[in-house]
Amino acid sequence: MEAFKNILVAVDFNDTIGELMGYAESIAQKFGSKIWVVHVAEPSPDFTGYEVGPQYIRDLKAEEFREEHRQLQAMSKLFLDQNIESEALLIQGSTVQTIIEKVKKLNADLLIVGTHKHGFLFNILSENVSLELLKKADVPFLAIPIEEEKEEKEEK
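Each residue is numbered by its place in its chain's sequence as written, counting from 1. Note on the predicted model: pLDDT of at least 70 is required for a residue's local features to be given, and 80 or more for side-chain atom pairs to be given and counted; whole-chain, interface and lining totals, by contrast, use all residues. Note: side-chain values were computed over all heavy atoms of the structure, leaving out hydrogens and water.

## Remarks on the confidence of the model for the protein chain
So, point 1. pLDDT is a residue-level measure of predictor confidence that goes from 0 to 100. Within the protein chain, residue pLDDT values average 82, and 78% of them lie at 70 or more.
So, point 2. Put simply, helix α7 (residues 150-155) is where the protein chain has its lowest mean pLDDT, 44, and strand β1 (residues 6-10) is where it has its highest, 96.
So, point 3. We call two residues in contact when some of their heavy atoms are within 4.5 Å. Counted against residues more than four places away or in other chains, residues 150-156, with its pLDDT under 50, gives 4 contacts. Helix and strand definitions here come from DSSP, where helices need a minimum of 4 consecutive H or I residues and strands a minimum of 2 consecutive E residues; each element is numbered from the N-terminal end.

## Focus on the nonpolar core
So, point 1. Among the buried residues, those of types Ala, Val, Leu, Ile, Met, Phe, Trp, Tyr and Cys that are joined through side-chain atoms within 4.5 Å form a nonpolar core. Partly exposed describes any residue whose relative accessible area lies between the buried limit of under 20% and the exposed limit of over 50%, with all areas from a 1.4 Å probe on protein chains only and scaled to the type maximum. Counting residues in hydrophobic clusters, the biggest one holds 23 residues, and the most contacted among them are Ile-7, Val-9, Val-11, Leu-20, Ile-35, Val-37 and Ile-112.
So, point 2. Secondary-structure elements contributing two or more residues to this core are β1, α1 (17-31), β2 (34-41), α3 (55-79), β3 (86-92), β4 (110-116) and β5 (141-146).
So, point 3. For this core, the element with the most residues is α1, which contributes 6 residues.
So, point 4. Among the nonpolar cores identified, the runner-up in size contains 18 residues, and Val-38, Leu-89, Ile-91 and Val-113 belong to it.

## Remarks on the packing of α1 against α3
So, point 1. At a closest axis distance of 10 Å, the pairing of α1 and α3 adopts a crossing angle of 55 degrees. Here α1 is positioned oblique relative to α3, judged by the angle of their axes. For the element pair α1 and α3, the recorded crossing hand is right-handed. Counted together, Ile-17, Gly-18, Met-21 and Glu-25 of α1 and Met-75, Ser-76 and Phe-79 of α3 form the full contact between these two elements. For helices, the axis comes from a line fit to the C-alpha atoms of the stretch in contact; other axes are also lines fit to C-alpha atoms, and the angle between any two N-to-C directions lies between 0 and 180 degrees. Between 65 and 115 degrees an angle is taken as roughly perpendicular, under 35 as roughly parallel, over 145 as roughly antiparallel, and anywhere else as oblique. Definitions for this section: a left-handed crossing has its near helix turned counterclockwise from the far helix by less than a right angle. A right-handed crossing has that turn clockwise.

## Notes on the sheet that holds β4
So, point 1. The strand order β3-β2-β1-β4-β5 describes an open sheet built from 5 strands, whose pairing is parallel. Sheet topology places β3 and β5 at the edges, where each strand pairs with a single neighbour. Between one strand and the next, the sheet's axes are offset by a mean angle of 25 degrees, whatever the strand orientation.
So, point 2. The strands touched by α3 within the sheet are β2 and β3, with β3 carrying the most contacts at an inclination of about 155 degrees. Two strands qualify as a pair provided DSSP detects at least 2 bridges between them.

## Remarks on the packing of aromatic side chains
So, point 1. Any Phe, Tyr or Trp ring, taking Trp's six-membered ring, that has another such ring centre within 6.5 Å forms a pair; planes under 30 degrees apart are called stacked, those over 60 apart edge-to-face, and the others tilted. Overall, the coordinates contain 1 aromatic pair when judged by the stated rule.
So, point 2. Ring centres of Phe-4 and Phe-31 lie 5.3 Å apart, and the angle between their planes is 85 degrees; on these two criteria the pair is classed as edge-to-face. On the criterion of sequence distance, the pair formed by Phe-4 in the segment before β1 and Phe-31 in helix α1 is long-range, its members being 27 residues apart.
So, point 3. Relative accessible area serves as the criterion here: at 21%, Phe-31 is assigned to the partly exposed category.

Encoded structure:
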């Protein structure tokens, strides 16, 4: 088996991040890999070309972005062995396109994502990020099923 030097773990704050990190950590320990933990945030109005609005709105968005980045860094430290080289990146953009670009830029050898179990109708009506990544990624792909929270299951 070829060694994985760079593992990109694409996370969403709704995922069970500990599960994804557990898989990444065990592979990284075996191959001496670096783990890149990537979360794609929604683009700012400036990025998408909309009117930017008042300065206080832009400042609020910037602070939210910084806070998400701090959370991402803290989760990486919490879930990954400190002997494993890792870096947390928070990037704004279109989820699928941004992750594919980062896979190439970081020379990732493996892409790890979480997949949610939803009903047939939900899957037809929504963009399935994991499926799109699977179609477009040029590297091995590991999709980890993410269990829904107990409360969500009870609602259904």
